[in-house]
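Take a look at the letters that make up each chain.
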Amino acid sequence: MTDRALSPRTAEKLVEIATAAPSTHNSQPWRFVARPAEAVIEIYADPARTLRDGDPHGRAVHIACGAALFNLRLAVAMSGNEPVTRLLPRPHNPLLLACVRLAGHHRARPAERDLYGVIGRRGAHQPSGHHLVPRRVLAELAEAATTEGAALRVLAESDVMRVLRLTAVDHQLRSDPRRTAGLARWPGPPGTQLAVICTRSDDRASWLRAGQAMQHVLLLGAHRGLRASPLTPVLTGAARFDSAFAGEYPEMLLRLGYGPPAELTSRRPVWQTLHVMPAAQAARAAVPARC
Ligand SMILES: Cc1cc2nc3c(=O)[nH]c(=O)nc-3n(C[C@H](O)[C@H](O)[C@H](O)COP(=O)(O)O)c2cc1C
């Protein structure tokens, strides 16, 4: 791969798209390093922007960075390059969460164009409509999550209150007023459905897969005219062992429905999140992660 594939300008554009991803309280807990010589962009967790409260193991950081990774993969595909992704490429560097290599020619598929087209329009909108999401659309969303190595389980009405009650009794939630404030609005107005992104394991790679799955679901939902808002509280406490999850790990709760769009939130400028490594510095630096 040549320098042409990943010029500094291209890296800036790709990272700008990546950072449109959602994150807890819009914390944007990521930073990016572009290595033009290897045509690689790396995603790191940014400890200065992680929220200690309520996320002691960094699950929410991994989910947010997984969502940014999904956007980055789409942006690379739309730039005409095949995105080759590795999760946790250097186990001894826990902050390096993923890398994407621009690997040769790629013709973007219509589905990729559709998702890419709504990246800038997606937002954590509270659904307020009175129409149920059709089963056909829910099935499409579930398939999107499966593609990313996770699952989307739509909660049956009979499960909703029980799962939320289990969630609400968790002591971590009770100690965080911002989260209980969010919960007070649950399960939301009529016509709102609750779905949970689940994974088979509960490790860092699974959290990154959950983040990619969440973003795939959110973008596909936005493309289908849905409003969706994410919530994390179901992650902890007794809810984890509820029968609604059939032995899987619930990573992220999503409220799905219809309604008017809310205002979009802003992001930090790209120069604050991206470091483009000059060739000379790259040569002096440690051997880059294989990507
Ligand atoms: C891992 C994660 C956890 C989140 N948890 C909550 C939450 O508990 N309550 C809430 O209202 N929004 C939550 N959100 C949504 C964020 O607040 C929202 O994504 C962020 O403010 C950026 O806004 P945007 O998604 O509209 O761009 C979460 C998002 C992510 C990615």
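Heads up: these notes are all about the structure in this document. Not measured: the values here are computed from a predicted model. (Residues numbered from 1 in each chain as written. Predicted model: local features only at pLDDT ≥ 70, side-chain atom pairs only at ≥ 80, totals over all residues. Heavy atoms only, no water.)

1. Quick notes on the state of the cysteines
Evaluation of the coordinates by the stated rule reveals one disulfide. Across the disulfide, Cys 99 is cross-linked to Cys 291 (sulfur-sulfur distance 2.4 Å). Across the disulfide from Cys 99 to Cys 291, rotation about the S-S bond amounts to roughly 115 degrees, and the bridge is consequently right-handed. Of this pair, Cys 99 sits in strand 4 (residues 96–105) while Cys 291 is found in the segment after helix 9 (279–284), placing the two residues 192 residues apart along the sequence. For the pair Cys 99 and Cys 291, a shared accessibility class is recorded, and that class is buried. (Disulfide = S-S within 2.5 Å. Helix = DSSP H or I, 4+ residues; strand = E, 2+ residues; numbered from the N terminus. Buried < 20%, exposed > 50% of the residue type's maximum accessible area, 1.4 Å probe, protein only.)

2. Brief notes about the pattern of salt bridges
According to the stated counting rule, one finds eight salt bridges in the structure shown. For Glu 12, the salt bridge identified is with Arg 9, shortest N-O distance 3.1 Å. A residue pair is termed a helical-turn pair when its members lie 3 or 4 positions apart in one helix, as Glu 12 and Arg 9 do in helix 1 (residues 8–18) at three residues. Classification of Glu 12 as partly exposed rests on a relative accessible area of 34%. One salt-bridge network, held together by shared partners, links Arg 59, Asp 202 and Glu 251. (Salt bridge = Lys/Arg side-chain N within 4 Å of Asp/Glu carboxyl O.)

3. With respect to the sheet that holds strand 2 (residues 40–45)
Reading across the sheet, the five strands line up as 3-4-2-1-9 and stay open at both edges, with mixed pairing between neighbours. In this open sheet, the two edge strands, each paired with only one partner strand, are strand 3 (81–87) and strand 9 (274–276). Taking each pair of neighbouring strands and ignoring which way they run, the sheet shows an average axis angle of 20 degrees. Strand direction decides the pairing type here: strand 1 (residues 30–35) and strand 2, joined by six bridges, are antiparallel. (Pairing = 2+ DSSP bridges. Axes fitted to C-alpha atoms, helices over the stretch in contact; angles between N-to-C directions.)

4. Brief notes about the site of the ligand
Taken together, 17 residues are adjacent to the ligand, and Arg 122, Ala 124, Leu 231, Thr 265 and Arg 267 come closest. Between the ligand and Arg 122, the relevant distance is 3.0 Å, taken from an oxygen atom to a side-chain nitrogen or oxygen of the residue. The separation between an oxygen atom of the ligand and a polar side-chain atom of Arg 267 is 2.6 Å. If the ligand stood free it would expose 620 Å²; the protein chains cover 87% of that surface. (Near = heavy atom within 4 Å. Polar contact = N/O pair within 3.5 Å; in protein donor to acceptor, adjacent residues only side chain to side chain. Areas by Shrake-Rupley, 256 points an atom, 1.4 Å probe, with all protein chains shown as cover.)

5. A word on the sheet that holds strand 7 (residues 227–231)
Read across the open sheet, the four strands follow the order 5-6-8-7; overall the sheet is antiparallel. Among the strands making up the open sheet, the edge pair consists of strand 5 (151–154) and strand 7. Between one strand and the next, the sheet's axes are offset by a mean angle of 30 degrees, whatever the strand orientation. As defined by bridge partners, strand 6 (residues 193–199) adjoins strand 8 (residues 249–257) across seven bridges and the pair is classed as antiparallel. If you follow Cys 198 over to strand 8, its bridge partner there is Pro 250.

6. Comments concerning the packing of helix 2 (residues 59–78) against helix 8 (residues 204–223)
For the pair helix 2 and helix 8, the least separation of the axes is 7 Å and the interaxial angle reads 55 degrees. With respect to each other, helix 2 and helix 8 are oriented oblique. For the element pair helix 2 and helix 8, the recorded crossing hand is right-handed. Within the contact between the two elements, helix 2 uses Arg 59, His 62, Ile 63, Cys 65, Gly 66, Ala 67, Leu 69, Phe 70, Asn 71, Arg 73 and Leu 74 and helix 8 uses Arg 204, Trp 207, Leu 208, Ala 210, Gly 211, Gln 212, Met 214, Gln 215, His 216 and Leu 219. Within the contact of helix 2 with helix 8, the residues separate by chemical class into eleven nonpolar, seven polar and three charged. (Parallel < 35°, antiparallel > 145°, perpendicular 65-115°, else oblique. Left-handed = near helix turned anticlockwise from the far one by under 90°. Contact = heavy atoms within 4.5 Å. Nonpolar A, V, L, I, M, F, W, Y, C, P; charged D, E, K, R; others polar.)

7. Topic: the nonpolar core
Judged by nonpolar contacts, the single largest core of 59 residues is most densely connected at Phe 32, Leu 141, Ile 197 and Leu 254. In this view, Phe 32 contacts Val 15, Ala 18, Thr 19, Ile 41, Glu 42, Ile 43, Ala 68, Thr 273, Leu 274 and His 275; residues no more than four positions away in its chain are not counted. (Core = buried A, V, L, I, M, F, W, Y, C linked by side-chain atoms within 4.5 Å.)

8. Description of the pairing of strand 8
The element strand 8 is extensively covered by neighbouring structure, given that eight of its nine residues are classed as buried. By the bridge criterion, five bridges tie strand 7 to strand 8 in an arrangement that is antiparallel. Looking across to strand 8, one finds that Arg 227 is bridged to Gly 257.

9. Points about the environment of Leu 226
Here Leu 226 shows up in the loop between helix 8 and strand 7. Each C-alpha atom of the pair Leu 226 and Val 137 lies 9.5 Å from the other, and the pair is 89 residues apart in sequence. If near-sequence neighbours (up to four positions away) are discounted, Leu 226 is found in contact with Val 133, Val 137, Leu 141, Gly 221, Gly 257 and Tyr 258.

10. Thoughts on helix 8
Within an α-helix, residues lying three or four positions from one another point in the same direction, as the helix has 3.6 residues per turn. Spanning 20 residues, helix 8 covers 29 Å between terminal C-alpha atoms, matching the ideal 28 Å at 1.5 Å per step. In terms of residue burial, helix 8 counts as a mostly covered element, since 16 of its 20 residues are buried. Positive phi shows up at Gly 225, right after helix 8, with a value of about 85 degrees. (Expected span 1.5 Å × (residues − 1).)

Spatial relationships are all this shows, so hold off on functional conclusions.
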